Amino acid sequence: MSQIIMALDQGTTSSRTILFKENAEIITQANAPLNCYYPQSGWVEQVPEEIWSSQRQTIAAVLAQASLSMNDIAAVGITNQRESTIAWNRNTGEAIGPAINWQCRRTADYCEELKAEGFDSLLKNKTGLVTDPYFSGTKMRWILENIPQARKLADQGKLCFGTVDSWLIWKLTGGRVHATEISNASRTLVFNIETCEWDAEILTRFGIPCETLPEVKPSSGVIAQIDPDLFCGEAPIAGVAGDQQAALFGQACFESGMAKNTYGTGCFMISNTGAEPVFSKHGLLTTIAWQIGDEVTYALEGSVFIAGALIQWLRDGLQLFEDASETQAMAESVPDSGGVFVVPAFVGLGAPHWDPYARGTIVGLTRDTNRSHIVRASLEAIAFQSEEVLRSIAKDSGKDIKELRIDGGAAANDFLCQFQADLLGLNVTRPQILETTAMGAAFLAGLAVGVWPDQAAIRNLWQEEKTFVSDISRENSDQKMEAWSRAVERSKEWIVP
Ligand code: ADP
């Protein structure tokens, strides 16, 4: 029997497909870029057909590169950009408008209305999310109110809503299956994360008919066979998860207290909190990590808006160096940041501060400050911001984080990783396989069809590349955090609303 697993990784800027062997080695991969469109200030759209055609192209490409047919694939896993919302006609299979991207702010006014009414506390209690245009529910409502065809199709029982996983499942099954996966459902603002069902009360408030929504499936388990006409041959779609949840699974963070942080443009932290949802007092999101069999695992999630983007700004805006990889040696060329703190609140501050009026600042400059100090303080800022979110996760869950597993482009920077371990007082571990998101989707799919017998087998496949061990006292770490907090205070409420 074939043991090759195909992972589809549908992201905001590209669609990718990767083939993995059962030992988690990559056989081959293909990428296709994907456009975003900005029709108005604050609006972000994609074209549903472009999402599908770019994904389809990469599936065909990897099969050709490996000289395989779909029949040679043991299972297909899907991981995807979350919250982005698509509506289509059940009869024709055609999308009835743009994919409203997760970044799109078009429903900001409606979210303000919900908050003014106090509906946000009900939403938080039932969905674990904050009332923000980011999530799918208000986007679905916008489609029903603004795309003329939508309401008519809904009344005729012909409207399908879905997040990107759902759209890909629909397309991959030739329009036979309208399903979604539970971690994706948990990002819609209309899914009750305790009963694990679409929430009738919220749907009524938003005016969304329940029949328009997909059937919710576990993260690991056969959902359907791929349409044999698409790629010559069949394979089961057997694992699905939203991108951050897939990365948590790909990092084998299977126990409560295990967390991962992705250091990309921003930082995305997510921590396994076990079988019960933990509701945050620090502006974090409560979300479903995955469901395997009947067992639902929950997570707390927080993000940092500007992380690697700060390094890009030093490179392109200030022209302090040519390549991000130079920053490690620059940071290590000085004994410390010389009292400099960089607070990259370029777009305001997220968890735990939530101040949209904050703006970036550099404090502590003296006549001795040179560019290495600023570079070092910037790398430290990425770790400080992550530490604030991790401390919030620990406070909310009432449990210490056991271990932090890391990935993303900036995780290549050893100085950053060591500084993070020092602040955290824990081991920070970088895995050998950095494709944690796609790997997570592959693991979920392979688990469902017996490529791996259980999660223990997957845990054994996860291998560390390097572990960074904390090298400073807790007092020292607290002092650093305290100084950072003073710098953050100076960035807050800078612009006048
Ligand atoms: P994304 O998926 O968000 O586009 P990536 O995971 O590809 O991001 O990471 C790219 C980011 O990491 C960029 O913002 C870049 O500035 C930063 N980066 C890449 N290499 C390094 C490095 N060696 N040190 C610090 N930052 C880095």
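Here, the structure is the one placed above.
Residues numbered from 1 in each chain as written. Predicted model: local features only at pLDDT ≥ 70, side-chain atom pairs only at ≥ 80, totals over all residues. Heavy atoms only, no water.

**Describing the packing of helix α1 (residues 48-65) against helix α6 (residues 164-172)**
Okay, step 1: Between α1 and α6, the shortest axis-to-axis distance is 11 Å and the interhelical angle comes to 65 degrees. Of the two possible hands of crossing, α1 and α6 adopt the one that is right-handed. Contacts from P48, E49, I51, W52, Q55 and I59 of α1 reach α6 at V164, W167, L168, K171 and L172. (Axes fitted to C-alpha atoms, helices over the stretch in contact; angles between N-to-C directions. Helix = DSSP H or I, 4+ residues; strand = E, 2+ residues; numbered from the N terminus. Left-handed = near helix turned anticlockwise from the far one by under 90°. Contact = heavy atoms within 4.5 Å.)

**Notes on the site of the ligand**
Okay, step 1: The immediate surroundings of the ligand are formed by 14 residues, with T265, G308, Q312, G409 and N413 found nearest.
Okay, step 2: Within the backbone of G409, an N or O atom sits 2.8 Å from an oxygen atom of the ligand.
Okay, step 3: If the ligand stood free it would expose 580 Å²; the protein chains cover 65% of that surface.
Okay, step 4: When its residues are assigned to classes, the shell around the ligand shows five nonpolar, nine polar and no charged. (Near = heavy atom within 4 Å. Polar contact = N/O pair within 3.5 Å; in protein donor to acceptor, adjacent residues only side chain to side chain. Areas by Shrake-Rupley, 256 points an atom, 1.4 Å probe, with all protein chains shown as cover. Nonpolar A, V, L, I, M, F, W, Y, C, P; charged D, E, K, R; others polar.)

**Observations concerning the environment of L248**
Okay, step 1: When you line up the elements, L248 lands in helix α10 (residues 243-250).
Okay, step 2: Not counting residues within four places of it along the chain, the set of residues in contact with L248 comprises C253, M258, A259, K260, I270, N272, A289 and W290.

**Focus: a nonpolar patch on the surface**
Okay, step 1: Taken together, the side chains of F305, W313, L318, F346, V347 and W354 make up a nonpolar region of the molecular surface, amounting to roughly 530 Å² of accessible area.
Okay, step 2: For W354, the location among the structural elements is in the loop between β19 (341-343) and β20 (361-363).
Okay, step 3: Judged by its relative accessible area of 44%, W354 falls in the partly exposed class. (Patch = residues over 30% accessible without salt bridge, like charges linked within 9 Å, V, L, I, M, F, W, Y side chains within 5 Å. Salt bridge = Lys/Arg side-chain N within 4 Å of Asp/Glu carboxyl O. Buried < 20%, exposed > 50% of the residue type's maximum accessible area, 1.4 Å probe, protein only.)

**Quick look at the pattern of salt bridges**
Okay, step 1: On inspection of all chains with the given rule, the structure shows 28 salt bridges.
Okay, step 2: A salt bridge links R82 to E83; its shortest N-O distance comes to 3.9 Å. In this structure, R82 and E83 share a single accessibility class: buried.
Okay, step 3: Close ionic contact of R82 with E301 constitutes a salt bridge, the shortest N to O distance being 2.7 Å. Of this pair, R82 sits in the loop between β5 (73-80) and β6 (85-89) while E301 sits in strand β18 (residues 295-304), and the two are 219 residues apart along the sequence. As far as the burial class goes, R82 and E301 line up, both buried.
Okay, step 4: One continuous salt-bridge network, built from bridges that share partners, spans R82, E83, R187, D243 and E301.

**Focus on the nonpolar core**
Okay, step 1: Within the largest apolar cluster, 57 residues are counted, with the highest numbers of intra-cluster contacts made by Y263, I382, L404 and W484.
Okay, step 2: Sort the elements by how many residues they give to this core and helix α13 (residues 371-397) lands first, with 11 residues.
Okay, step 3: Ignoring anything within four residues of it in the chain, the contact list for Y263 reads I382, S386, L404, I406, D407, G408, G409, A410, A411, L416 and Q420.
Okay, step 4: Within the second largest apolar cluster, 40 residues are counted, among which are A87, A154, I182 and I202. (Core = buried A, V, L, I, M, F, W, Y, C linked by side-chain atoms within 4.5 Å.)

**Things to note about the packing of aromatic side chains**
Okay, step 1: Considering all chains together, one arrives at 17 aromatic pairs under this definition.
Okay, step 2: Seen in terms of ring centroids, F249 and F254 are 4.8 Å apart; in terms of plane orientation they differ by 50 degrees. Their pairing is tilted. As far as the burial class goes, F249 and F254 line up, both buried.
Okay, step 3: Taking 6.1 Å as the distance between ring centres and 70 degrees as the angle between the ring planes, the aromatic pair formed by F305 and W354 counts as edge-to-face. With F305 in the loop between β18 and α11 (308-316) and W354 in the loop between β19 and β20, the pair connects residues that are 49 residues apart, well separated along the chain. (Phe/Tyr/Trp six-rings, centres within 6.5 Å; stacked < 30°, edge-to-face > 60°.)

**A look at helix α3 (residues 119-127)**
Okay, step 1: Listing the buried residues of α3 in full gives F119, L123, K126 and T127. Around the axis of α3, the buried residues are gathered within 75 degrees of arc, so they sit on the same side.
Okay, step 2: Buried-residue contacts for α3 involve α2 (108-117), β10 (191-192), α8 (200-206) and β17 (285-292).
Okay, step 3: A positive backbone phi angle near 80 degrees is found at G128, which sits one or two residues after α3. (Arc of directions from axis to C-beta.)

**Notes on the environment of S219**
Okay, step 1: Mapped onto the fold, S219 is located in the loop between β12 (215-217) and β13 (220-225).
Okay, step 2: For S219 and T361, which are 142 residues apart along the polypeptide, the C-alpha to C-alpha distance reads 42 Å.
Okay, step 3: Dropping the residues within four chain positions of it, S219 is found in contact with E181, I182, A238, G239, V240, W290, Q291 and L444.
Okay, step 4: At 2.7 Å, the side chain of S219 and the side chain of E181 are in polar contact.

**What to know about the packing of α13 against helix α14 (residues 414-424)**
Okay, step 1: Running from N to C, α13 and α14 point in directions that differ by 40 degrees, and their axes come no closer than 9 Å. Judged by the angle between their axes, α13 and α14 are oblique. In terms of crossing hand, the pair formed by α13 and α14 is right-handed. Contact residues: α13 offers R376, L379, E380, I382, A383, F384, S386, E387, L390 and R391, while α14 offers F415, L416, F419, Q420, L423 and L424.
Okay, step 2: In the contact of α13 with α14, the residues fall into 10 nonpolar, two polar and four charged. (Parallel < 35°, antiparallel > 145°, perpendicular 65-115°, else oblique.)

**Re the environment of A381**
Okay, step 1: Tracing the backbone through its elements, the reader meets A381 in helix α13.
Okay, step 2: Classification of A381 as buried rests on a relative accessible area of 0%.
Okay, step 3: On a C-alpha basis, the gap between A381 and Q291 in space is 35 Å, while along the polypeptide they are 90 residues apart.

Remember that the coordinates give geometry; whether it matters functionally is a separate question.
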